[in-house]
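Analysis of the macromolecular model
In case you want the letters, here they are:
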Amino acid sequence: MAPGIGSLLIIAVIALLIFGPKKLPEIGKAFGSSLREFKNATKGLADDDDEVKKIENKKEEVR
């Protein structure tokens, strides 16, 4: 089940109390850049798989 607005608000308040208002933007920026790196890495893996399949298909066509 998806969390409601109330749940998200409670989580945000708790995070604000734990980390403080100065640290939250830094944490968000670090999380965003980590997520971007992960996305790029997994995209690269998928692209590599596609290239391997293309090469295998060409080898089969030659036979």
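This text gives an overview of the structure that appears in the document. (Residues numbered from 1 in each chain as written. Predicted model: local features only at pLDDT ≥ 70, side-chain atom pairs only at ≥ 80, totals over all residues. Heavy atoms only, no water.)

Notes on the pattern of salt bridges
Where charged atoms of side chains with opposite charge meet at close range, the side chains can pair. With the rule as written, the count across this model stands at one salt bridge. For Glu26, the salt bridge goes to Lys23, with nearest N and O atoms at 3.5 Å. Taken as a pair, Glu26 and Lys23 lie in helix α2 (residues 23-62) at a separation of three residues, close to a single helical turn. Note on Glu26: relative accessible area 47%, which makes it partly exposed. A relative accessible area of 42% means that Lys23 is categorised as partly exposed. (Salt bridge = Lys/Arg side-chain N within 4 Å of Asp/Glu carboxyl O. Helix = DSSP H or I, 4+ residues; strand = E, 2+ residues; numbered from the N terminus. Buried < 20%, exposed > 50% of the residue type's maximum accessible area, 1.4 Å probe, protein only.)

A closer look at a nonpolar patch on the surface
On the surface, Ile10, Ile14, Ile18, Phe19 and Ile27 cluster together into a nonpolar patch covering about 490 Å² of accessible area. Ranked by the residues each element gives to the nonpolar patch, the list is headed by helix α1 (residues 5-19), at four residues. Within the element layout of this structure, Ile14 appears in helix α1. (Patch = residues over 30% accessible without salt bridge, like charges linked within 9 Å, V, L, I, M, F, W, Y side chains within 5 Å. Areas by Shrake-Rupley, 256 points an atom, 1.4 Å probe, with all protein chains shown as cover.)

Things to note about α1
The terminal C-alpha atoms of α1 lie 21 Å apart, and with 15 residues this matches the ideal 21 Å at 1.5 Å per residue to within 8%. Following α1 by one or two positions, Gly20 adopts a phi angle in the positive range, close to 85°. (Expected span 1.5 Å × (residues − 1).)

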